[in-house]
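Per-entry structural report
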Amino acid sequence: MARARKLSDQTVAVVLAFADAPATWRYGYDLCQLVGLKAGSMYPILMRLADRGLLESTWEREVPSGRPPRHLYRLTGPGRALAAELATVAARQVRPAGARSNPRPGPSWGRAT
Amino acid sequence: MKSTAGVARVVLGRLFLVLGISYVFGPFSLLVFVPWMTDEGLTHASPFAWLMLAAGLAQLAAMGIAAVWLLQRARRAGGAAPSSAMDLPARLLAVASATLPESRRDWGAAMRAELAQVQTRSARWQFAAGCAWTAIFPPRGNRGAVAAATALGAVLAVVLAWFAVGEAFAPMRVFAMAFIGLIGAAAVFAVTRSRPVSRPTSGPLILVAGATSVASCIAATAYLIDQYPAAAYYLRPVTAIILAVPLAGVLWLILVPPRALTTDRWAPRIAVGVTLALALGLLLVSRWDLTTGGDSSKIGGFVGFVPAPAIFVTAFVAAAVRQSVRAGLQVAVWTALLASLAAYAITVHEAVLWYQVNQTLIRDGEITAQSRLVGAAIHDSTWGLIPTLCVWVIWGVMGAAIGRASRARLSRTRSQPRQAGQVHQLRPPPSTTSA
């Protein structure tokens, strides 16, 4: 796993949203609603994470008739390791204030990816 | 008794016929009035000229709408699924995701599939707009430095052009700057986009023909001003920039063509062949006009009434023979691009010859001692270039659409009696069924 550049707040939020249920395959629109991001921000993040090998994707296999199969995403091994690292850092930063154990990152996460 | 849909089809068909006949000659008014009005600036144009310009633009728009309608009909006739099942957000996303490079095509399908799950109208628009933005400007990876370097190179090239061309040939300075600046801007845009796995190419024939056409336009303009320096008055900054736009656009299109223009291997050959024939025709008509009075009626008639029908017929035949709208469209676009540049270069070059032979202006056949007026050929041809291109492309699109639809109709007509015969043979005789 290589983190050549700092991750944006939004990217960290997406990674941590995946890390909440690492084995679960998630959809793009559901992720938008979960994290509170617009599609125009979410998909570039998903593309970058996939480009860096942090995200794996597959097409839905059991599709109800009348709609196309959806694209599903979840973290890879390196992606989970990154998520764990991010969660630890977040916890360390937030703990002094007595906040949640698995918090969403604040502005201190750094610049855009 | 005809159904409502049948009546609607007939009414629409007749409406199109009327529109077609009414608007066939309309857009040509643009070719006449735009240069005339802008000769001394639009503010000096008479109300009649404004009216004619408005009519010409309206007719051009109507022809464009008719061409799109015909294109949709042709696609359906050719077996394509109707796109009316998609709502506007879905169409927006479909068009935007079609621009994704090969390496990102899966993401386009993913976004379209996801949009199918979004129910409310406003949410669909929001989701589609965000996805469309991503599709048009996908993540570029680590090419920010390359883009910055390209932008710097473009700025340097523009500055260099300002000094070098200003030193060598000052009247072309603004044109050179605009031309190089536009190419540089296009290059910066290109490097910020994801690189396709296999970049489409226009092929050596279009590359050579297109580059030659652009170079001929620049050379003809420089030649005229070199022969008659006072004519540089007509290459004022606005005109120079207006000339740079189509030339830079064509150069960019032949260097980095969209995939939709590169799929038919016959299209470049047909386009170059038709362009050569039209260029030769224009040259011969110009010389004929010059030797028979030089009133410019023949050359004006040729430019106004020969290339557009020629492009229509060529696109029609290409679409019908290749059984593909896309083949016809490619022929139409390449021919219109190359032929319009050839018409510019030949007209400007011939303007010099006309004046040298008997001091006649190619614009209207006027005999004058003011050599400065020869430059009006640059002005007129420049302002007529983009309208001409639009008119010719629209004619080509209509030709391709009608050609494809006609071929599909012919195929259906031929196959129907055969199918009817087969059904008749398969049907058992009455005695068998009664038994």
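Thresholds applied
Residues numbered from 1 in each chain as written. Chains lettered and ligands numbered in written order. Predicted model: local features only at pLDDT ≥ 70, side-chain atom pairs only at ≥ 80, totals over all residues. Heavy atoms only, no water. Core = buried A, V, L, I, M, F, W, Y, C linked by side-chain atoms within 4.5 Å. Buried < 20%, exposed > 50% of the residue type's maximum accessible area, 1.4 Å probe, protein only. Helix = DSSP H or I, 4+ residues; strand = E, 2+ residues; numbered from the N terminus. Contact = heavy atoms within 4.5 Å. Pairing = 2+ DSSP bridges. Axes fitted to C-alpha atoms, helices over the stretch in contact; angles between N-to-C directions. 1 Å grid on protein atoms, 1.4 Å probe; cavity = no way out; pocket = protein on both sides within 12 Å on 5 of 7 lines; lining within 4 Å. Points joined across faces, edges and corners; volume = space filled by probe spheres on them. Nonpolar A, V, L, I, M, F, W, Y, C, P; charged D, E, K, R; others polar. Buried area = accessible area lost by both parts, 1.4 Å probe. Salt bridge = Lys/Arg side-chain N within 4 Å of Asp/Glu carboxyl O. Polar contact = N/O pair within 3.5 Å; in protein donor to acceptor, adjacent residues only side chain to side chain. Disulfide = S-S within 2.5 Å. Parallel < 35°, antiparallel > 145°, perpendicular 65-115°, else oblique. Left-handed = near helix turned anticlockwise from the far one by under 90°.

1. Digging into the nonpolar core
Nonpolar side chains tend to gather and get buried jointly when the protein is soluble and globular. Grouped together as the largest cluster of nonpolar side chains are 81 residues, with contacts concentrated most on Phe175(B), Phe179(B), Leu224(B), Leu247(B) and Trp392(B). Looking at this core element by element, the count peaks at 19 residues for helix α14 (residues 325–358) of chain B. Ignoring anything within four residues of it in the chain, the contact list for Phe179(B) reads Val214(B), Ile218(B), Ala244(B), Leu247(B), Ala248(B) and Leu251(B). Ranked by size, the runner-up nonpolar core spans 39 residues in total, among them Val14(A), Met42(A), Leu75(A) and Ala132(B).

2. Some remarks on the sheet that holds strand β3 (residues 71–75) of chain A
Residue and element names in this part refer to chain A. Across the sheet, 3 strands lie side by side as β1-β3-β2; this open sheet has antiparallel pairing. Each edge of the open sheet is held by one strand with a lone partner, namely β1 (26–27) and β2 (55–59). Alignment of β2 against β3, held across 5 bridges, turns out to be antiparallel. Looking at β3, one finds that serine 57 is bridged to tyrosine 73. In this fold helix α1 (residues 9–20) packs onto β1, β2 and β3, with an angle of close to 90 degrees to the strand it touches most, β3.

3. Considerations on unusual backbone geometry
Residue and element names in this part refer to chain B. Unusually for a residue other than glycine, glutamine 323 sits at a positive phi of about 50 degrees. The topology assignment puts glutamine 323 in the loop between α13 (307–322) and α14. Look at glutamine 323 and you get partly exposed, because its relative accessible area is 40%. Although it is not a glycine, glutamine 359 sits at a positive phi angle of roughly 55 degrees. Secondary-structure assignment places glutamine 359 in the loop between α14 and α15 (376–426).

4. Considerations on the pairing of β3(A)
Residue and element names in this part refer to chain A. The element β3 is extensively covered by neighbouring structure, given that 4 of its 5 residues are classed as buried. As paired elements, β1 and β3 share 2 bridges and run antiparallel to each other. When the sheet's bridge partners are listed, arginine 26 is paired in β3 with tyrosine 73.

5. Side note on the environment of Pro258(B)
All names here are of chain B. Within the secondary structure, proline 258 sits in the loop between α10 (237–255) and α11 (267–291). Residue proline 258 is classed as partly exposed on the basis of its relative accessible area of 39%. Separated by 57 residues in sequence, proline 258 and threonine 201 place their C-alpha atoms 8.3 Å apart. Leave out the neighbours within four places in its chain, and proline 258 touches Pro200 and Leu253.

6. Overview of empty space enclosed by the protein
Residue and element names in this part refer to chain B. Summed over the entire model, instances satisfying the criterion amount to 2 cavities of 30 Å³ or more. In this model, the largest cavity occupies a volume close to 70 Å³. Leu278, Ala279, Leu282, Phe302, Val303, Pro307, Ala339, Ala342, Ala343 and Trp392 together form the lining of the largest cavity. Of all the elements in the fold, those that place two or more residues in the lining of the largest cavity are α11, α12 (297–305) and α14. Looking at the lining of the largest cavity residue by residue, the classes come out as 10 nonpolar, no polar and no charged.

7. Details of the interface of chain A and chain B
Tallying the contact residues gives 23 residues for chain A and 19 residues for chain B. Summed over both sides, the interface of chain A with chain B buries roughly 1800 Å², with 68% coming from carbon and sulfur. Contact with chain B buries area across many residues of chain A, yet Tyr29(A), Tyr43(A) and Met47(A) alone supply 36% of it, more than any other trio. At the surface where chain A touches chain B, the tally comes to 2 salt bridges. Put simply, Arg70(A) and Glu114(B) hold a salt bridge, and the shortest N to O gap is 2.5 Å. Inspection of the region where chain A meets chain B yields 3 residue pairs in polar contact (both at pLDDT 80 or more). Contributions of two or more residues to the side of chain A that touches chain B are made by α2 (28–35), α3 (39–51) and β3 of chain A. The element best represented in the side of chain A that touches chain B is α3(A), accounting for 9 residues.

8. Section: the state of the cysteines
Cysteine pairs can be covalently joined through their sulfur atoms, and such a bond is termed a disulfide. Under the defined criterion, the tally for this structure stands at 0 disulfides over all chains. Free of any disulfide, Cys131(B) has its nearest cysteine sulfur in Cys32(A), 7.2 Å distant. On the accessibility criterion, Cys131(B) (0% relative accessible area) is buried.

9. As for the packing of α13(B) against α14(B)
Residue and element names in this part refer to chain B. Taken N-terminus to C-terminus, the directions of α13 and α14 make an angle of 155 degrees; their axes are 7 Å apart at the nearest point. Put simply, α13 runs roughly antiparallel to α14. α13 and α14 meet at a crossing whose hand is right-handed. Judged by residue contacts, Ile311, Thr314, Ala315, Ala318, Ala319 and Arg322 of α13 engage Ala327, Gly328, Val331, Ala332, Thr335 and Ala336 from α14. Per-class residue counts for the contact of α13 with α14 are 8 nonpolar, 3 polar and 1 charged.

10. Concerning the packing of α10(B) against α14(B)
All names here are of chain B. One can describe the packing of α10 onto α14 by two numbers: an axis separation of 11 Å at closest approach and a directional angle of 140 degrees. On the basis of the axis angle, α10 is oblique to α14. Of the two elements, α10 crosses α14, and the hand of that crossing is left-handed. Side by side, α10 and α14 meet where Leu243, Leu247, Val250, Leu253 and Ile254 of the first sit next to Trp334, Leu337, Leu341 and Tyr344 of the second. Along the lines of polarity and charge, the residues of the contact of α10 with α14 split into 9 nonpolar, no polar and no charged.

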